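A structural walkthrough
Okay, here's what each chain looks like letter by letter:
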Amino acid sequence: KRVKPKLIVALGGTAAKRLLMTDEPVGKLRGPLHTWGPDQTPLMVTYHPAYLLRSPGEKAKSWQDLKKIHRFLQQP
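First, a word on scope: everything that follows refers to the structure included in this document. Computed from a predicted structure; not experimentally measured. (Residues numbered from 1 in each chain as written. Predicted model: local features only at pLDDT ≥ 70, side-chain atom pairs only at ≥ 80, totals over all residues. Heavy atoms only, no water.)

As for the pairing of strand S3 (residues 41-46)
- Burial analysis of S3 places five of its six residues in the buried class, the great majority of the element.
- As paired strands, strand S1 (residues 8-11) and S3 are joined by four bridges and run parallel to one another. Along S3, the bridge assignment pairs valine 9 with methionine 44.
- As defined by bridge partners, strand S2 (residues 34-36) adjoins S3 across three bridges and the pair is classed as antiparallel. Along S3, the bridge assignment pairs histidine 34 with leucine 43.
- Connecting S2 to the next strand, S3, in antiparallel fashion are four residues, including glycine 37 with a positive phi near 80°. (Buried < 20%, exposed > 50% of the residue type's maximum accessible area, 1.4 Å probe, protein only. Helix = DSSP H or I, 4+ residues; strand = E, 2+ residues; numbered from the N terminus. Pairing = 2+ DSSP bridges.)

Set out below in structure tokens:
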């Protein structure tokens, strides 16, 4: 049986860069909806929690990302 997620959330640069096959920084990758894999599964990028501990000023951006993720998951 295959797993078919409604959304993939990439937390941090390592995950985002690996999944999207890019060297772009997280700051440029977060925001737009990306897709991943043969099924074109929606993918969103946000900051890794460890990064937010080191850079608390970025928490507002991450909160906006989480609200966007929540809205996306509420869609039928």
